[in-house]
Amino acid sequence: MTVPNPAPDRTHTGSHMLVQHRTVLSLGSNLGDRLENLQDAVDTLFDAPGLTFVALSPVYETAPFAAPGESIPEQGDFLNIVLVADTRLTPETLLERLLNIENSMERIRELRWGPRTLDIDIVVFGDVSSSDPGLTLPHPRAHERAFVLVPWADVEPDTLLPGHGRVGDLAAAIGTSGVIRRDDLTLQPPA
């Protein structure tokens, strides 16, 4: 399913203007019931107002990942998905929501590249760019990560990852080594 990357929708409410952005989130889990963790995260994301569901990728199983030159602690494989939504939240408000969801699912941040019950990253937030270390947009390493690009290409192959090109082309170039589509595992879109 191809989902267009629309221009921001500007809605006036009184003297305030709300801008709608297309956001792409990458979710992963490798502790506990990984599929249930992802489903709980998807459900919780849409329990509060501010996000409108657009698309959900198939589930993929992937090996743990670390930046080049860094070691990966011993841990199990991840289940990963990409979720696409429209939002009028600010990037900072969305990030706060994501961190709260991770914390509610007992995400522990003791080991860099360590195992986690849930990891949610903002990959892109419309055409917003930020070099703030707390929220770099677009995600600075998304173009290097098959576990982001391959699921994202399933739902938005023609979308541009700013500064890098079409998602479908990036996914094809990086390949699917270590990224296994799990058609036996499915998630329910938010109600």
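None of the values given here were measured: they were computed from a predicted structure. (Residues numbered from 1 in each chain as written. Predicted model: local features only at pLDDT ≥ 70, side-chain atom pairs only at ≥ 80, totals over all residues. Heavy atoms only, no water.)

Draft legend 1. Up close: the packing of helix 1 (residues 34–45) against helix 2 (residues 91–104). For the pair helix 1 and helix 2, interaxial distance at closest approach is 11 Å and the crossing angle is 140°. One way to sum up the angle between helix 1 and helix 2 is to call them oblique. Of the two elements, helix 1 crosses helix 2, and the hand of that crossing is right-handed. Two secondary-structure elements touch here, helix 1 through Ala 41, Thr 44 and Leu 45 and helix 2 through Arg 97, Leu 98 and Ile 101. (Axes fitted to C-alpha atoms, helices over the stretch in contact; angles between N-to-C directions. Helix = DSSP H or I, 4+ residues; strand = E, 2+ residues; numbered from the N terminus. Parallel < 35°, antiparallel > 145°, perpendicular 65-115°, else oblique. Left-handed = near helix turned anticlockwise from the far one by under 90°. Contact = heavy atoms within 4.5 Å.)

Draft legend 2. Geometry of the pairing of strand 5 (residues 78–87). For strand 5, the tally of buried residues reaches ten of ten residues, placing the bulk of the element in the interior. Burial along strand 5 is two-sided: Phe 78, Asn 80, Val 82, Val 84 and Asp 86 and Leu 79, Ile 81, Leu 83, Ala 85 and Thr 87, pointing in opposite directions, are all buried. Where strand 3 (residues 51–56) lies against strand 5, five bridges are found, and the strand directions are antiparallel. Considered in strand 5, the bridge of Ala 55 is made with Val 84. Sheet topology note: the strand 4 (residues 60–62)/strand 5 ladder contains three bridges and is antiparallel. In the strand pairing of strand 5, Glu 61 is matched with Leu 79. (Buried < 20%, exposed > 50% of the residue type's maximum accessible area, 1.4 Å probe, protein only. Pairing = 2+ DSSP bridges.)

Draft legend 3. Summary view of the side chain of Arg 182. Looking at where Arg 182 falls in the secondary structure, it is placed in the segment after strand 11 (179–181). Separated by 2.7 Å, the side chains of Arg 182 and Glu 61 make a polar contact. Polar side-chain contacts of Arg 182 include one of 2.7 Å to the side chain of Asp 184. Not counting residues within four places of it along the chain, the set of residues in contact with Arg 182 comprises Arg 34, Val 59, Tyr 60 and Glu 61. (Polar contact = N/O pair within 3.5 Å; in protein donor to acceptor, adjacent residues only side chain to side chain.)

Draft legend 4. Expanded view of the nonpolar core. Formed by 27 residues in total, the largest nonpolar core has its most connected members in Leu 25, Leu 27, Leu 45 and Leu 83. Apart from residues lying up to four places away in sequence, Leu 83 is in contact with Thr 23, Val 24, Leu 25, Leu 27, Val 42, Leu 45, Phe 46, Ala 55 and Leu 56. Membership of the second largest hydrophobic core comes to 22 residues, among which are Val 54, Ala 55, Val 123 and Phe 147. (Core = buried A, V, L, I, M, F, W, Y, C linked by side-chain atoms within 4.5 Å.)

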